[in-house]
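# Observations on the model geometry
Single-letter residue listing:
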Amino acid sequence: MTSRGIRFAGLVALSALLLTGCSMGSGGSDQTASEPDVGLEAPADGGVAPRDEQPFTEDEQAGTIEEGRSVITTGWMAITVDDPIDSAAEVAAIVGAAGGRVDGRNETPGTETQQARATLVVRIPADRFDAVLGDLRELGEVDSVRLDASDVTQQKRDLDSRIASLETSVDRLRALIAQADDVGDLIAIESELTTRQTELDALTTQRDWLADQVDYSTLTVELLSEGLAPQAGPNDFWSGVVAGWNALTAFVSGLLVAIGVMLPWLALLAVIAAIVVGIIVLASRGGRRAQGTADTSGSGAEPAATGQPTSPVGPGGAGTDRNGPA
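From a predicted model like this one, the values you see are computed outputs, not experimental measurements.

## Some thoughts on the overall build of the chain
Counting its secondary structure elements, the chain contains 7 helices and 5 strands. The N-to-C order of helical and strand elements in the chain reads α-α-β-α-β-β-α-β-α-α-β-α. Residues counted as buried form 16% of the 326 residues belonging to the chain. When contacts within the chain are restricted to residue pairs at least 6 apart in sequence, those whose partners lie at least 24 apart make up 75%. Approximately 24,400 Å² of the chain is accessible, and the part contributed by carbon and sulfur atoms is 58%.

And the structure:
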């Protein structure tokens, strides 16, 4: 063994001895600190122990747990009001004053046969959700309320972890690009960097959407007016006659409307039918004329074909019969 090796072994042994002495000293100090002080008196019955020695209450434990949770709250609320259209404007004002926004709004004015209604989809800051809900209850008579909570704490932590890993990977790839000398290596690194960056952007978008859902609760508010009173039916002879007459006039009016709607179509069908009939008539007349011409040509050629044979003309101009005397 050389002199340098001997020195190194001595330094190692000296360091081990020093560490052993420090650990023994700290152990003795801890043991001394952990021993109870006999000079201190325990608190009397009914006394209050020091705050450090008191256990956490249930509310404090629940608050500690709630701080790290990510919860998405959604709800639906139906309210009967005097005027749904005006109440919809009040809902929008209440939500806007709380720092929220209106994502959807649908209003239906009332008619003789349909009651007025309005539906709003609002986004409310999670820390103001209960206060806004209380303000909305004062608009009218609350018919029903439904609230749902979804804990996405684990999903958010998983996204944060994956995003941190991808960010580290992207930084390393960018450093490798700066150090790459070969063109092939540079192309491979850039391709991998593009893939990792795309995954990072997708996860970041998903995390932002999840954070928005957690920070802003979604509430659907349906505003309804009071129901329409049903019309009274006939209760005597004359009211029955009037009801029947009204029904008859309504039927006739509806029938006339239906006829008026169908009349242009009937006229169009009549014109098309007339054209088709005219084509058929002209075609049949042309066929009859062609048949008559063929019959006339056949009757003119028939006498020459069926007549008696004639004798050849002699020198004297008179025909002679082959069967007659010479």
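## Describing the pairing of strand E5 (residues 216-224)
The element E5 is extensively covered by neighbouring structure, given that 7 of its 9 residues are classed as buried. Where strand E1 (residues 71-80) lies against E5, 7 bridges are found, and the strand directions are parallel. The residue of E5 that forms the bridge with Met77 is Val221. The pairing of strand E3 (residues 117-125) with E5 spans 9 bridges and is antiparallel. Residue pairing in the sheet places Thr119 in a bridge with Glu222 of E5.

## Looking at helix H5 (residues 153-179)
In this model H5 runs 40 Å from its N-terminal to its C-terminal C-alpha over 27 residues, within 8% of the 39 Å that 1.5 Å per residue would give. Turning to H5, its buried residues are Thr153, Leu159, Ile163, Leu166, Ser169, Val170 and Leu173. Contacts made by the buried residues of H5 are with strand E4 (141-151) and helix H6 (183-215).

## Thoughts on the packing of H5 against H6
The contact between H5 and H6 brings their axes to 9 Å, and the two run at 155°. Judged on the interaxial angle alone, H6 and H5 are roughly antiparallel. For the pair H5 and H6, the sense of crossing is left-handed. A per-class count over the contact of H5 with H6 returns 13 nonpolar, 5 polar and 10 charged.

## As for the pairing of E1
Most of E1 sits out of view: 7 of its 10 residues are buried. As defined by bridge partners, E1 adjoins E4 across 10 bridges and the pair is classed as antiparallel. Each residue of the ladder has a partner; that of Ile79, found in E4, is Val142.

## Here we look at the nonpolar core
Formed by 20 residues in total, the largest nonpolar core has its most connected members in Val91, Val122, Leu136, Leu219, Val221 and Leu223. Those elements that provide at least two residues to this core are E1, helix H3 (84-97), E3, helix H4 (129-137) and E5. Within the second largest apolar cluster, 13 residues are counted, among which are Leu159, Ile189, Leu193 and Leu200.

## Remarks on the sheet that holds E4
The pairing of strands in a sheet happens through backbone hydrogen bonds and is either parallel or antiparallel. Taken in spatial order, the 5 strands of this open sheet run E2-E3-E5-E1-E4, and their pairing is mixed. The outermost strands of the open sheet, each flanked by one partner alone, are strand E2 (101-108) and E4. The average undirected angle you get between the axes of adjacent strands in this sheet is 10°. In the sheet, E2 pairs with E3 via 7 bridges, with the strands oriented antiparallel. Note that in E3 the partner of Gly104 across the bridge is Val121.

## What about the side chain of Ser87?
With respect to the helices, strands and loops of the structure, Ser87 is situated in helix H3. Setting aside residues up to four positions removed in sequence, Ser87 forms contacts with Val81, Leu139 and Leu223.

## A word on H4
Considered for burial, the residues of H4 that qualify are Phe129, Val132, Leu133 and Leu136. Along the axis of H4, the buried positions cluster into a sector of 105°, meaning they face one direction only. The inward-facing, buried residues of H4 contact E1, H3, E3, E4 and E5.

## A closer look at a nonpolar patch on the surface
Where nonpolar side chains cluster on the molecular surface, the patch consists of Val257, Val261, Met262, Leu263, Trp265, Leu266, Leu268, Leu269, Ile272, Val276 and Ile280 and spans about 1,100 Å² of accessible area. Residue placement: Met262 occurs in helix H7 (residues 237-306). With relative accessibility at 47%, the residue Met262 sits in the partly exposed group.

## Side note on the confidence of the model for the chain
Per-chain confidence: the chain averages 75 in pLDDT, with 67% of residues scoring 70 or above. Taken together, the stretch residues 1-65 has pLDDT below 50 and engages in 5 contacts with residues farther than four places along the chain or on a different chain. For the stretch residues 301-326, pLDDT sits under 50, and the model shows 9 contacts to residues farther than four places along the chain or on other chains.

Calculation notes
Residues numbered from 1 in each chain as written. Predicted model: local features only at pLDDT ≥ 70, side-chain atom pairs only at ≥ 80, totals over all residues. Heavy atoms only, no water. Helix = DSSP H or I, 4+ residues; strand = E, 2+ residues; numbered from the N terminus. Buried < 20%, exposed > 50% of the residue type's maximum accessible area, 1.4 Å probe, protein only. Contact = heavy atoms within 4.5 Å. Areas by Shrake-Rupley, 256 points an atom, 1.4 Å probe, with all protein chains shown as cover. Pairing = 2+ DSSP bridges. Expected span 1.5 Å × (residues − 1). Axes fitted to C-alpha atoms, helices over the stretch in contact; angles between N-to-C directions. Parallel < 35°, antiparallel > 145°, perpendicular 65-115°, else oblique. Left-handed = near helix turned anticlockwise from the far one by under 90°. Nonpolar A, V, L, I, M, F, W, Y, C, P; charged D, E, K, R; others polar. Core = buried A, V, L, I, M, F, W, Y, C linked by side-chain atoms within 4.5 Å. Arc of directions from axis to C-beta. Patch = residues over 30% accessible without salt bridge, like charges linked within 9 Å, V, L, I, M, F, W, Y side chains within 5 Å. Salt bridge = Lys/Arg side-chain N within 4 Å of Asp/Glu carboxyl O. pLDDT = per-residue confidence, 0-100.

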